[in-house]
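Here is what each chain is made of, one letter per residue.
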Amino acid sequence: MHKVVLIAGDGIGPEVTQAAVAVIGAAGVAIEWESYQAGEAALKEHGVPLPPDLLEVIRRNRVALKGPITTPIAEGFQSVNVALRKELDLYANFRPVRSLPGVPARYSDIDLVVIRENTEDLYSGIEHVVVPGVVESLKIITERASTRIARFAFSHARAEGRRKVTAVHKANIMKLSDGLFLECARRVAAQHPEIEYHEMIVDNACMQLVLNPWQFDVLLLENLYGDIISDIAAGLVGGLGLVPGANIGDSCALFETVHGSAPGIAGKNIANPTAMILASVLMLKYIGEGEAASRIERALKSVYSEGKMLTRDLGGSATTSEFTRAVIAGLKSERV
Ligand code: NAD
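Residues numbered from 1 in each chain as written. Predicted model: local features only at pLDDT ≥ 70, side-chain atom pairs only at ≥ 80, totals over all residues. Heavy atoms only, no water.

**Student:** What am I meant to see in a nonpolar patch on the surface here?
**Tutor:** A cluster of nonpolar side chains, namely Ile126, Leu138 and Ile140, defines an oily patch on the protein surface of about 200 Å² accessible area. One can find isoleucine 140 in the loop between strand S7 (134-137) and helix H5 (143-159). (Patch = residues over 30% accessible without salt bridge, like charges linked within 9 Å, V, L, I, M, F, W, Y side chains within 5 Å. Areas by Shrake-Rupley, 256 points an atom, 1.4 Å probe, with all protein chains shown as cover. Salt bridge = Lys/Arg side-chain N within 4 Å of Asp/Glu carboxyl O. Helix = DSSP H or I, 4+ residues; strand = E, 2+ residues; numbered from the N terminus.)

Below, the structure is given as structure tokens:
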């Protein structure tokens, strides 16, 4: 029996995590879920958005599945997502972006991975008012964090038989910070001659992703560029409802979606649960349940291949629960 921490999250979080839990159950994986709140829900109930015992329980169980969490804009509490990643030292944000058969998208046959440094850069949250009207926000880049994320990217490329890593940067302008990031990436690349290494300036990378995304394989980025490029990449395959993510550290991991809490569609049973179901697939692989993960992936793909079941974000009218039931039916029919 696996023990996994479950954080339902805000907005559409409870709907999509419920879908993922139902699918995992239908795949026959025995998981004891330890449910915790974070974000707005925790603030309402406990007066803090990130209850301190949550960090402890994730450290103890080593694995968590998390729905998206709302972060107030330009005011209010600091991002719980960023705090979880930093406090638990989940330094690698890993986001596989793949076309799904039958999904109406602008591009087909996309298969790339975004690997984003998760603990520093402008997300250090160190900013202050110098004098009224002038604000300073610090971008922190360290050799340690840049080297370990580059190592993660190259190890991942080697383990998955990927051919190429592209480091994305703005070292023409931020010569010291992005320069250090590149220096570390180059050093690690030199230890992996079997994998092609390329560099691309971030603005060009945005355009290249739109013009010719097939040229990319593994993208290696600092925190902010990784965040932005992830959403561009999600757009290539049909949108945010489809792309999962993993936050991985040396001692624990937290699985979630690339998308946020989508407050505009929350509580309406219309969110696409695919990204959260795929996040569960990543989680199951991580805890050694690869066979169940593959069955869920196959069931999901066959629902899309049949072309009858699309949620609203993809131009259909299926509800979150109808889509989830179709995936579960696919899993059950595979078992008999
Ligand atoms: P968002 O990802 O929540 O939504 C962007 C757009 O995509 C919206 O139109 C939304 O309706 C749509 N969308 C997202 N997920 C969908 C799904 N599963 N099915 C169908 N449509 C979907 O981004 P936002 O509006 O910029 O952010 C909302 C909140 O989420 C903010 O508070 C933000 O800080 C937070 N956020 C959290 C995380 C996280 O928890 N990891 C990630 C990103 C944003």
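Back to the write-up after that little detour.
**Student:** Please explain the pairing of strand S11 (residues 244-248) as it appears in this structure.
**Tutor:** A regular strand places its side chains so that they alternate between the two faces of the sheet. For S11, a buried count of five out of five residues is recorded, marking the element as mostly surrounded by other parts of the structure. Going residue by residue along S11, you find Pro244, Ala246 and Ile248 tucked away on one face and Gly245 and Asn247 tucked away on the opposite face as well. By the bridge criterion, three bridges tie strand S4 (residues 92-98) to S11 in an arrangement that is antiparallel. Within S11, the residue paired with asparagine 93 across the bridge is asparagine 247. In this structure, S11 lies alongside strand S12 (residues 253-257), joined through five bridges in antiparallel fashion. Each residue of the ladder has a partner; that of glycine 245, found in S12, is glutamate 256. From the end of S11 to the start of S12, which pair antiparallel, there are four residues. (Buried < 20%, exposed > 50% of the residue type's maximum accessible area, 1.4 Å probe, protein only. Pairing = 2+ DSSP bridges.)

**Student:** Just checking my understanding: could you explain the sheet that holds S4 for this structure?
**Tutor:** What holds strands together in a sheet is hydrogen bonding between their backbones, with the strands either parallel or antiparallel. One open sheet accounts for 10 strands, arranged S2-S1-S3-S12-S11-S4-S5-S10-S8-S9; its pairing is mixed. Strands with a single pairing partner mark the edges of an open sheet, and in this sheet they are strand S2 (31-36) and strand S9 (196-201). Here the strands of the sheet are splayed against their neighbours by 25° on average, with no regard to which way each runs. Relative to S12, strand S3 (residues 63-66) runs parallel, the two sharing three bridges. Across the sheet, residue valine 63 finds its bridge partner in S12, namely alanine 253. (Axes fitted to C-alpha atoms, helices over the stretch in contact; angles between N-to-C directions.)

**Student:** Looking at this structure, how should I read the site of the ligand?
**Tutor:** In the vicinity of the ligand there are 21 residues, among which Ile69, Thr71, Gly260, Ala262 and Asn272 approach most closely. Separating an oxygen atom of the ligand from a side-chain N or O atom of lysine 66 is a distance of 3.3 Å. In the environment of the ligand, a nitrogen atom lies 2.9 Å from a nitrogen or oxygen atom belonging to the backbone of asparagine 272. Within the complex, the protein chains bury 67% of what would otherwise be the 810 Å² of accessible surface of the ligand. (Near = heavy atom within 4 Å. Polar contact = N/O pair within 3.5 Å; in protein donor to acceptor, adjacent residues only side chain to side chain.)

**Student:** How do you make sense of the nonpolar core when you look at a structure like this?
**Tutor:** The tendency in soluble globular proteins is for nonpolar side chains to be buried side by side. In terms of nonpolar packing, the biggest core is built from 87 residues, with Leu65, Leu112, Leu219, Leu220, Met283, Leu284 and Tyr304 touching the most fellow members. Tallying contributions element by element places helix H9 (residues 274-286) first for this core, with eight residues. Those residues within four positions of tyrosine 304 in sequence are excluded, and the remaining contacts are Leu100, Pro101, Gly102, Val103, Leu242, Asn272, Thr274, Met309, Leu310, Leu314 and Phe323. Core analysis: the next-biggest nonpolar cluster, separate from the first, contains 17 residues, Leu54, Leu55, Phe77 and Leu254 among them. (Core = buried A, V, L, I, M, F, W, Y, C linked by side-chain atoms within 4.5 Å. Contact = heavy atoms within 4.5 Å.)

**Student:** Looking at this structure, I do not really get the packing of helix H7 (residues 202-211) against helix H8 (residues 223-237). What am I missing?
**Tutor:** Each pair of packed helices can be described by the angle between their axes along with the distance between the axes. Where H7 meets H8, the closest approach of the two axes is 10 Å, and the angle between their N-to-C directions is 10°. The angle between H7 and H8 places the two elements in the roughly parallel class. Every residue of H8 that contacts H7 at Val202, Ala205, Cys206 and Leu209 is listed here: Tyr225, Ile229, Ile232 and Leu236. Broken down by class, the residue content of the contact of H7 with H8 amounts to eight nonpolar, no polar and no charged. (Parallel < 35°, antiparallel > 145°, perpendicular 65-115°, else oblique. Nonpolar A, V, L, I, M, F, W, Y, C, P; charged D, E, K, R; others polar.)

**Student:** What should I look at first to understand the layout of surface pockets in this one?
**Tutor:** One way to see where empty space is left: roll a probe the size of a water molecule over the atoms. Roughly 990 Å³ of internal volume is contained in the largest pocket. Forming the walls of the largest pocket are 37 residues, and the residues nearest its centre are Thr71, Ser79, Val82, Tyr123 and Asp227. Its residues assigned to classes, the lining of the largest pocket shows 13 nonpolar, 13 polar and 11 charged. Lining of the second largest pocket is provided by 17 residues; of these, Phe94, His156, Glu160, Ile248 and Leu282 occupy positions nearest its centre. (1 Å grid on protein atoms, 1.4 Å probe; cavity = no way out; pocket = protein on both sides within 12 Å on 5 of 7 lines; lining within 4 Å. Points joined across faces, edges and corners; volume = space filled by probe spheres on them.)

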